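Letter by letter, the chains look like this.
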Amino acid sequence: MYDPDTAALIRSAPELPDLDRESLPDELSRAFAEIVSARVLLRQGVEEPDGLNVTINFAKRLAQSYEALVSIDPRRENKAAAGFVAATAYQLVYQATALSADTRPNAFLGANGISPDISAMLLFLVAEASADASEVARAIRRPRDSRLQSELILHLIWLARGQVGQIADRTRVSMSSVVTGSGAERANAALYYRLLRGVRALAFALQGRRIRGMADPIAVFAEVKALAAPGADEEIDELHHGTLVVFPGPFHLASLLIAAGSALLEGAVVNLPPPSGVPPNRWQIAMKGVAKTRPYLWRNHKEATECGYLENGTSSAIGFPTGAGKSTTAQLKIHSVLLSGRKAVFLAPTHALVDQTARDLREAFPTASVQGERVDEFGFSSGEDELPDIMVMTPEACLLLTHMEPERFADVGLLIFDECHLIHPDDGADRRAIDGMLCILGFVRVAPEADLVLLSAMMKNTDEISLWLADLTGRDALALDDAWKPTRQLRGCVVYDIARIRELEKQLRKGRRNKPSGGAPAALKREMTALPSGFFSVKQTWASQLRSDYALVPLFSDPLPLAVNTNWGLTPNSGVVAASIAAAAAETGIRTLVFSQSIPNAVSIADKTAAALGQCSVELTEAEKRLLDIAIDELGDADQLYLELNEGKLAVQAATHHGQLLPEERQLAESLYKRKGALSVLAATPTLGQGMNLPAELVIIAEDSQYNADAGRRDILDPEDLLNAAGRAGRAGESATGIVLVIPG
């Protein structure tokens with residue numbers, strides 16, 4: 001399930017006795033598949049699988065060994081590989097042990113050590129795996145019996161989640177209020193308090209600021225490490241590594257902070273040099289604003305900026321995978337253009353994406369004017385002569401505007417085309433592809449000095465596209481196609497035992513002989529049940545036919561009903577199977593998206609899932625209430641909504657999402673799905689797969705084919721459609737490892 005770069009990172013971890021590093025990525029993937037299976041089955045009353053204990057023991061040894069190597073030498077050359085493997089192993093241990101635990105234990109920072117979740121969080125930061133670190137941070141529970149521990153852990157959580165602005169804004173606790181006791185107890189508290197000050201100094205440094213007397217946070221951590229282990233720099237032959245640790249807890253935390261802090265500072269957004277033509281002071285101010293919520297860059301962002309991506313006069317073709325931070329990449333380029341005194345146009349392929357992108361950009365650029373505009377038969381609604389600072393529209397709207405009002409593009413310096421694979425035609429009659437291409441050509445005609453940025457996870461020929469952009473603009477163009485992404489996916493499909501399928505087909509043949517006319521009787525249909533399993537690839541792609549590259553794990557303890565068509569053929573009954581899996585997953589706390597190819601099918605899956613999960617009663621937030629009021633005003637009655645409510649409260653745990661929802665109704669469903677304790681399952685049509693930012697831990701693709709009315713048959717979906725839907729599984733900061741299940745037709 002790991003991309004090639006991450007798999008290579010894992011294999012480059014330090015050598016350990018009896019460890020096959022070459023197969024380690026596959027072993028970690030297989031362990032995750034086993035845990036996912038056990039997580040669902042335990043809710044159905046199945047006992048914990050025996051193999052889990054083997055997985056737990058293996059992961060514990062792996063985690064502790066590699067953590068020790070990082071702690072002993074936080075500046076070691078392969079610290080990122082050791083840190084990533086150790087943290088991943090700790091996550092596997094937690095996920096496996098949590099299956100039989102009612103609650104997660106509190107994190108701790110003690111005199112003799114720190115809790116594994118704190119270690120895992122910092123080790124992921126060492127490996128620049130901020131998405132994983134953020135996921136660990138979201139689950140950490142702070143202790144209530146120690147103010148110092150609670151405060152320091154809170155600061156570490158904010159650091160891992162990139163919320164350094166929260167750290168800077170928080171009032172610092174006084175030393176006298178938390179450093180208490182006497183002797184060793186007081187010394188231990190003083191060391192942890194010094195680390196708290198160091199974490200605050202690191203947060204300030206990541207925002208381009210400094211605390212007086214603490215310009216170098218890494219020096220603070222090194223100071224604590226030295227104080228916690230007197231004689232650490234002296235050679236003592238009798239002791240391994242020459243160190244006598246007096247305060248193991250502070251020593252260990254200081255070591256991890258040296259490694260993590262160094263990695264974060266290397267990728268700090270405030271350290272980005274200003275692009276040519278941008279005043280340095282204005283660029284620094286802008287990057288400080290970005291750093292409050294997004295203080296450090298991912299590795300693909302750093303590589304792009306090092307190649308000159310932000311330079312004005314440079315266009316780019318970007319083929320980053322879904323979830324690899326294309327939005328951040330685009331927003332950094334927009335900063336560069338706005339600060340050079342020009343404007344930006346952002347193209348999104350659907351009206352739903354136009355609305356969402358405009359909302360996201362307003363939040364990212366609070367002082368800029370951002371407008372989402374769509375064209376209809378009456379033209380544009382805006383009466384202004386000039387475009388706003390950032391204009392978001394569909395390619396068709398942009399094409400029309402470049403022809404009708406070309407003068408409005410005079411000061412535009414950037415065109416960003418998201419999901420630009422739209423310009424690749426499915427056939428010669430693909431009108432949207434033609435309009436998309438004409439839009440680009442028309443834009444270059446009216447804004448010849450502007451940069452072009454084409455974005456798509458489906459773009460596999462970035463070199464070719466960048467050469468075309470260079471020829472089109474007469475300036476430099478980059479090809480950026482790093483396959484790395486901060487999250488990963490375990491991809492599988494629902495399968496059944498072939499012996500059971502043949503047995504059912506035999507029953508159908510016998511039944512048809514007894515009833516030569518008409519369809520299969522209801523009693524026979526009820527007998528068509530089979531036990532579903534998940535067949536997962538431990539590789540990122542299904543490119544191998546080796547059985548060892550796949551894991552077969554059970555999904556249900558009881559058989560699920562299959563269906564019989566009018567020709568007495570056995571069919572997957574995908575709607576019922578998808579709803580059953582979604583409901584079982586939701587009961588374990590797995591947030592789920594189900595994709596179907598039609599609105600009626602999506603609604604049916606949502607209804608079946610809601611019925612299986614039972615009723616709920618969830619208060620709406622004030623913002624959600626406003627959206628609800630607008631939707632009811634538009635429709636005239638709350639009963640006309642697709643969302644089921646009871647006295648103004650959410651009454652179900654599953655809902656639907658599709659293109660026929662009112663904008664406010666769609667935003668309400670998205671808001672309820674994003675927040676914890678509301679919607680657990682969203683059944684959606686492909687509209688949601690096209691770049692909508694609604695992450696899930698599990699994505700179920702209920703149909704891998706779509707009815708072709710012209711041909712009178714069902715056609716298998718194109719790979720990009722499947723990958724777009726699958727791309728919603730696992731999102732940075734939410735769930736670093738996503739699960740994808742396809743129900744084959």
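The structure contained in this document is the topic of the report that follows. Since this is a predicted model, take the numbers as computed values, not measurements.

## Looking at helix α4 (residues 79–97)
Between its first and last C-alpha, α4 extends 27 Å over 19 residues, near the 27 Å set by a 1.5 Å rise per residue. For α4, the tally of buried residues reaches 16 of 19 residues, placing the bulk of the element in the interior.

## A few points about the state of the cysteines
Considering all chains together, one arrives at 0 disulfides under this definition. We note that Cys 307 lacks a disulfide partner, and the nearest cysteine sulfur, in Cys 420, lies 18 Å from it. Here Cys 398 is not disulfide-linked; the sulfur of Cys 439 is the nearest cysteine sulfur, at 3.7 Å. The buried category is assigned to Cys 398, whose relative accessible area is 0%.

## Brief notes about the side chain of Arg 475
Inspection of the secondary structure puts Arg 475 in the loop between α19 (462–473) and β7 (477–480). A polar contact of 3.0 Å, which involves the side chain of Arg 475, links it to the backbone oxygen of Pro 448.

## Remarks on the packing of aromatic side chains
As enumerated under the stated definition, the model contains 7 aromatic pairs in all. With a centroid separation of 6.4 Å and an interplanar angle of 80°, the aromatic rings of Tyr 2 and Phe 84 are classed as edge-to-face. Of this pair, Tyr 2 sits in the segment before α1 (4–11) while Phe 84 sits in helix α4, and the two are 82 residues apart along the sequence. Here Tyr 2 falls in the buried class, since its relative accessible area comes to 7%. In this structure, Arg 591 packs its charged tip against the face of Tyr 673, placed 5.6 Å from the ring centre.

## Notes on the pairing of strand β1 (residues 315–318)
Going residue by residue along β1, you find Ser 315 and Ala 317 tucked away on one face and Ser 316 and Ile 318 tucked away on the opposite face as well. Where β1 and β7 come together, 4 bridges link them in parallel fashion. Opposite Ser 315, over in β7, you have Ala 477 as the bridge partner. Summarising the sheet, β1 and strand β6 (residues 451–455) pair through 3 bridges and their orientation is parallel. In the strand pairing of β6, Ile 318 is matched with Leu 455.

## Considerations on the sheet that holds strand β11 (residues 550–554)
The strand order across the open sheet built from 8 strands is β11-β10-β8-β23-β20-β15-β19-β18, with neighbouring strands paired in mixed fashion. Of all strands in the sheet, those with a lone pairing partner are β11 and β18 (654–657), marking the two edges. Across the sheet, the mean angle from the axis of one strand to that of its neighbour is 25°, orientation sign disregarded. Pairing analysis gives 4 bridges linking β18 to strand β19 (residues 681–684), with the strands arranged parallel. Paired with Thr 656 across the strands is Ala 683, a residue of β19.

## Overview of unusual backbone geometry
Residue Glu 128 is not a glycine yet carries a positive backbone phi of 60°. With respect to the helices, strands and loops of the structure, Glu 128 is situated in the loop between α5 (116–126) and α6 (130–139). Looking at Glu 128, the relative accessible area reads 31%, which means it is partly exposed. In this structure, Asn 573 takes a positive phi of about 55° despite not being glycine. As for its placement among the helices and strands, Asn 573 is situated in the loop between β14 (570–571) and α22 (574–587).

## Structural notes on the environment of Gly 730
Topologically, Gly 730 is positioned in the loop between α26 (719–726) and β23 (737–742). Note on Gly 730: relative accessible area 1%, which makes it buried. Separated by 243 residues in sequence, Gly 730 and Thr 487 have C-alpha atoms that sit 6.2 Å apart. Not counting the four nearest positions on each side in its chain, Gly 730 is found in contact with Thr 487, Ala 696, Ser 735 and Gly 738.

## Some details on the pattern of salt bridges
As enumerated under the stated definition, the model contains 21 salt bridges in all. Among the ionic pairs, Glu 22 bridges to Arg 11, the shortest N-O distance being 3.4 Å. In this pair, Glu 22 is assigned in the loop between α1 and α2 (24–42) and Arg 11 in helix α1, connecting sequence segments 11 residues apart. Look at Glu 22 and you get exposed, because its relative accessible area is 55%. Between Glu 619 and Lys 649 there is a salt bridge, with the nearest N and O atoms lying 3.5 Å from each other. With a gap of 30 residues between them, Glu 619 in the loop between α23 (599–613) and α24 (622–635) and Lys 649 in strand β17 (residues 649–650) connect regions that are remote in the sequence. Classification of Glu 619 as partly exposed rests on a relative accessible area of 46%. Residues joined in a network through salt bridges with shared partners are Asp 5, Arg 299, Glu 303 and Asp 482.

Rules of the game
- Residue numbering note: each chain is counted from 1, following its sequence as written.
- Local features in a predicted model are, by the rule used here, given only for residues with pLDDT of at least 70; side-chain atom pairs are given and counted only at 80 or more, and totals for whole chains, interfaces and linings are based on all residues.
- For the side-chain quantities, the full set of heavy atoms in the structure was used; hydrogens and water were omitted.
- Secondary structure elements follow DSSP: runs of H or I of four or more residues count as helices, runs of E of two or more count as strands, with numbering from the N terminus.
- A helix is expected to span 1.5 Å multiplied by its residue count minus one.
- For each residue, the accessible area found with a 1.4 Å probe, counting protein chains only, is set against the maximum for its type, and the residue is called buried under 20%, exposed over 50%, and partly exposed in between.
- Whenever a pair of cysteine sulfur atoms sits within 2.5 Å, that pair is classed as a disulfide.
- Side-chain atoms alone can form a polar contact between residues adjacent in sequence; in general such a contact is a pair of N or O atoms within 3.5 Å, and within protein one must be able to donate a hydrogen while the other accepts it.
- Stacked, edge-to-face and tilted labels apply to pairs of Phe, Tyr and Trp rings (six-membered ring for Trp) whose centres lie within 6.5 Å, assigned for plane angles under 30 degrees, over 60, and everything in between, in that order.
- Whether a charge sits over a ring depends on NZ of Lys or CZ of Arg being within 6 Å of the ring centre and within 35 degrees of the ring normal.
- Only strands joined by at least two bridges in the DSSP assignment are considered to pair.
- Axis definition: a line fitted to C-alpha atoms, over the contacting stretch in the case of helices. Angles run 0 to 180 degrees between N-to-C directions.
- When checking whether two residues touch, look at their non-hydrogen atoms; a contact exists if any pair is within 4.5 Å.
- Salt-bridge detection follows one rule: a side-chain nitrogen of Lys or Arg within 4 Å of a carboxyl oxygen of Asp or Glu.

Function-wise, these values are silent; they only describe arrangement.
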